[in-house]
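Residue-level listing of the chains:
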Amino acid sequence: MKTEGVKYAGSKNKLIPFILDAVGPLKIRTVLDAFSGTTRVAQAFKNSGITVIANDVSEWSRVFGECYLVNRKPKKDYAEKIEYLNSLPGKRGWFTKHYGGKTNGASSVQTDGKKRIWQVHNTRKLDAIRKEIDKIAEDNIEKSVLLTSLILALDRVDSSLGHQVSYLREWSARSYKTMILKCPEFKVDHLPHRVISGSALNAVKKCEVDLAYFDPPYGSANEKMPPSRVRYASYYHLWKTIILNDEPELVGAANRRSDAGDRESGSIFEDFRRGESGKYVVVEAIEKLLTNTRAKFILLSYSSGGRATLGELNEIIRSLNCESTVSKIDYRQNVMAQMSWTNDWTSTRGDYKEYLFLIDRFGQGIPQPRPHFGMRTA
Ligand SMILES: C[S@@+](CC[C@H](N)C(=O)[O-])C[C@H]1O[C@@H](n2cnc3c(N)ncnc32)[C@H](O)[C@@H]1O
């Protein structure tokens with residue numbers, strides 16, 4: 001079964017078949033996805049019959065988790081409410097004032113010189129729908145399903161490159177479409193999935209599971225961007241504002257919420273500075289995370305575009321003194337290759353690749369990954 005989610009920097013959507021192949025032979029029954037983001041990987045674990053605990057610091061990940069993992073009501077129970085929300089006439093409100101841009105019909109360039117993320121016909125709908133969700137949702141889970149439906153609809157008509165720190169000068173083709181809410185594609189089961197919110201460092205101490213899956217941000221190697229902008233809180237500030245509907249104070253050209261502004265400190269996993277030991281703060285955070293994890297196995301995702309280098313990660317993992325493997329994934333070629341520890345671990349720049357580290361914390365033994373249909377193992 002397919003997973004669903006918004007456009008998201010670092011989403012592991014394309015890696016899901018490889019992740020399931022790595023995990024399949026471990027025969028795990030419970031997993032903690034400690035940086036769950038869109039929850040696409042968590043959804044895939046759930047769809048494979050595994051009980052999932054999803055954790056993330058962001059509001060939107062909690063909402064997605066409650067919708068895709070925890071909700072027990074069938075889709076038909078939402079049909080009437082979603083139809084009603086779609087039927088509401090648009091009205092000008094706070095979202096239109098700050099995020100709605102106009103067209104002049106003849107040109108695709110935004111008219112008042114300010115770049116906006118949505119066209120005004122869609123922010124008017126957003127203004128009408130968002131208030132109504134609070135009135136019609138019968139409980140928090142229902143509210144999360146309706147909010148997910150609204151966020152997915154807005155994501156389909158945005159005028160952005162996939163994040164919310166700057167918007168396109170010319171309207172994207174999809175922004176002309178009228179946003180339409182649909183029921184999210186969740187699967188209902190009766191396993192005791194859970195969603196928790198907070199730092200992964202706390203989550204690993206609380207959760208005893210068979211597998212912990214980690215997909216931390218790692219920081220961006222893009223030196224031109226101020227660190228405060230390449231943070232998830234900045235990237236997706238609008239999803240938080242829509243969820244909280246708190247009309248926050250706004251800063252900067254993209255109208256970010258002030259708590260996602262340049263002066264606010266971010267997550268330890270998004271800290272690009274070097275600490276006193278000379279290591280990147282994010283690398284030290286990963287070290288602490290791995291050491292404190294109480295799972296039988298750890299699966300760690302790493303993309304070569306981040307600040308932490310493969311060599312640094314390798315060092316941390318080796319210091320745990322556990323059996324481990326690392327696979328290099330080229331999803332465009334559909335190839336997963338197990339690497340040996342003797343490879344050159346430092347030179348990953350210019351070679352964008354995804355890696356999966358599998359760590360056997362307590363000596364259970366690591367079976368060979370199961371290749372999915374059509375995949376080549378090198
Ligand atoms: C690379 S993304 C995860 C993407 C996810 N695997 C997916 O496929 O959608 C990293 C996530 O880490 C979250 N994050 C940042 N700092 C965190 C922390 N200290 N604890 C938990 N989550 C954190 C961000 O909100 C972001 O969703």
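To start, this report covers the structure provided alongside it. (Residues numbered from 1 in each chain as written. Predicted model: local features only at pLDDT ≥ 70, side-chain atom pairs only at ≥ 80, totals over all residues. Heavy atoms only, no water.)

**Let's talk about a positive patch on the surface**
Right, so step 1: A cluster of like positive charges, contributed by R92, K97, K102 and R124, occupies part of the molecular surface.
Right, so step 2: By the secondary structure assignment, R92 is in the loop between α4 (76–87) and α5 (94–99). (Patch = residues over 30% accessible without salt bridge, like charges linked within 9 Å, V, L, I, M, F, W, Y side chains within 5 Å. Areas by Shrake-Rupley, 256 points an atom, 1.4 Å probe, with all protein chains shown as cover. Salt bridge = Lys/Arg side-chain N within 4 Å of Asp/Glu carboxyl O. Lys, Arg positive; Asp, Glu negative; His and termini not counted. Charge placed at Lys NZ, Arg CZ, Asp CG, Glu CD. Helix = DSSP H or I, 4+ residues; strand = E, 2+ residues; numbered from the N terminus.)

**Here's the deal with the pairing of strand β9 (residues 297–303)**
Right, so step 1: Of all the 7 residues making up β9, 7 are buried; the element is thus mostly covered by neighbouring parts of the structure.
Right, so step 2: In the sheet, strand β6 (residues 211–214) pairs with β9 via 4 bridges, with the strands oriented parallel. Looking across to β9, one finds that Y213 is bridged to L299. (Buried < 20%, exposed > 50% of the residue type's maximum accessible area, 1.4 Å probe, protein only. Pairing = 2+ DSSP bridges.)

**Some thoughts on the site of the ligand**
Right, so step 1: Contacts to the ligand come from 21 residues, most closely from Y8, T38, D56, D215 and S267.
Right, so step 2: A distance of 2.9 Å separates a nitrogen atom of the ligand from a polar atom in the backbone of A200.
Right, so step 3: Here a nitrogen atom of the ligand sits 2.6 Å away from a polar atom, N or O, in the side chain of D215.
Right, so step 4: Relative to its free-state accessible area of 600 Å², the ligand is covered by the protein chains to the extent of 98%.
Right, so step 5: Residues of the shell around the ligand, tallied by class, amount to 9 nonpolar, 9 polar and 3 charged. (Near = heavy atom within 4 Å. Polar contact = N/O pair within 3.5 Å; in protein donor to acceptor, adjacent residues only side chain to side chain. Nonpolar A, V, L, I, M, F, W, Y, C, P; charged D, E, K, R; others polar.)

**Concerning the nonpolar core**
Right, so step 1: The biggest cluster of nonpolar side chains holds 47 residues, and the ones touching the most others in it are W118, L150, M179, W239 and I242.
Right, so step 2: For this core, the secondary structure elements donating two or more residues are α3 (59–70), α4, α5, α6 (120–136), α7 (140–155), α9 (232–235) and α10 (237–244).
Right, so step 3: In terms of residues, this core owes the most to one element, α7, which gives 8 residues.
Right, so step 4: When residues of this core are assigned to domains, at least three fall in each of domain 1 (13–71 + 190–231 + 266–377) and domain 2 (78–176).
Right, so step 5: Counting 38 residues, the second largest nonpolar core, distinct from the first, contains A203, V282, L313 and I359. (Core = buried A, V, L, I, M, F, W, Y, C linked by side-chain atoms within 4.5 Å. Domains from an automatic or database assignment.)

**Examining the pattern of salt bridges**
Right, so step 1: Tallied over the full model, the rule gives 21 salt bridges.
Right, so step 2: Between K73 and E142 there is a salt bridge whose closest N-O contact spans 2.5 Å. With a gap of 69 residues between them, K73 in the loop between α3 and α4 and E142 in helix α7 connect regions that are remote in the sequence.
Right, so step 3: With relative accessibility at 23%, the residue K73 sits in the partly exposed group.
Right, so step 4: A residue is classified by how much of its surface remains accessible, and E142, at 2% relative accessible area, is buried.
Right, so step 5: What you see here is one network of salt bridges that share partners, running through K73, K81, E138, D139 and E142.

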